[in-house]
Amino acid sequence: KMKPGLAAILNHRGKNLWLKDCMKELKKKNKFDELISNARNSGLSFSEMNELETRVAIDQIMFKGAAICGCPLPQTELFAKYIAEEIKNYILDFGYSELTLDEIVLAFRINIGHRIKNSLGDDLICVDFYGHAINVSFIGKVLANYLVIRKSLDSRILTLLDGY
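(A) Spatial organisation of helix H6 (residues 136-161). In this model H6 runs 36 Å from its N-terminal to its C-terminal C-alpha over 26 residues, within 8% of the 38 Å that 1.5 Å per residue would give. Where H6 begins, one side-chain oxygen reaches toward the backbone nitrogen of serine 137, 3.2 Å away; that side chain belongs to asparagine 135. Looking one or two residues beyond H6, the residue adopting positive phi is glycine 163, at roughly 90 degrees.

(B) Structural detail: the confidence of the model for the protein chain. For the protein chain, per-residue confidence averages 92 on the pLDDT scale, and 96% of positions sit at 70 or higher. Per-element mean pLDDT across the protein chain ranges from 68 in strand E3 (residues 116-117) up to 97 in helix H4 (residues 77-93).

(C) Region of the structure containing the nonpolar core. Judged by nonpolar contacts, the single largest core of 44 residues is most densely connected at Ile61 and Ile91. Mapped by element, the contributors of at least two residues to this core are helix H1 (19-25), helix H2 (31-40), helix H3 (51-69), H4, helix H5 (101-110) and H6. In terms of residues, this core owes the most to one element, H6, which gives nine residues.

(D) View of the pattern of salt bridges. Summed over the entire model, instances satisfying the criterion amount to eight salt bridges. In this structure, glutamate 103 engages arginine 150 in a salt bridge whose closest nitrogen and oxygen atoms are separated by 2.6 Å. Of this pair, glutamate 103 sits in helix H5 while arginine 150 sits in helix H6, and the two are 47 residues apart along the sequence. When sorted by exposure, glutamate 103 lands in the same class as arginine 150, which is buried. Salt bridges here are not isolated pairs; linked through shared partners, they connect Glu98, Glu103 and Arg150.

About the cut-offs
Residues numbered from 1 in each chain as written. Predicted model: local features only at pLDDT ≥ 70, side-chain atom pairs only at ≥ 80, totals over all residues. Heavy atoms only, no water. Helix = DSSP H or I, 4+ residues; strand = E, 2+ residues; numbered from the N terminus. Expected span 1.5 Å × (residues − 1). Polar contact = N/O pair within 3.5 Å; in protein donor to acceptor, adjacent residues only side chain to side chain. pLDDT = per-residue confidence, 0-100. Core = buried A, V, L, I, M, F, W, Y, C linked by side-chain atoms within 4.5 Å. Buried < 20%, exposed > 50% of the residue type's maximum accessible area, 1.4 Å probe, protein only. Salt bridge = Lys/Arg side-chain N within 4 Å of Asp/Glu carboxyl O.

See the structure below:
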């Protein structure tokens, strides 16, 4: 088991708090809250990984994503290399660098037809796979949905900490 990274920390009024401790305060939890908390506590965020750890994690995203969503893997080594590079760039440059590998895998699992509400109570639409192989566009939409429920958990905890 790896030590928790950035994803396991919640910033509240300039103080860093352990998500694990904050979760104990949350009275009403749903099944996703615990899954998200565990995934966030499972290791390093992408921004904290070295090059080898990142490469291994990206391979796992491609293989596990394909296994979970039923989408094909790239047919050539060269195409796989380019997809991996673009997944890495997307995660690091578009607001997902704080996520752990387990969170990204969880995002794929949650995307399998579970009814999830956003903070306004609207259903999030699961992303159907499209394309010829696992791709950045598909992964990006899955992660965008995941971030909505992740942020919803954070805001519920922060509201509680503020005494509401």
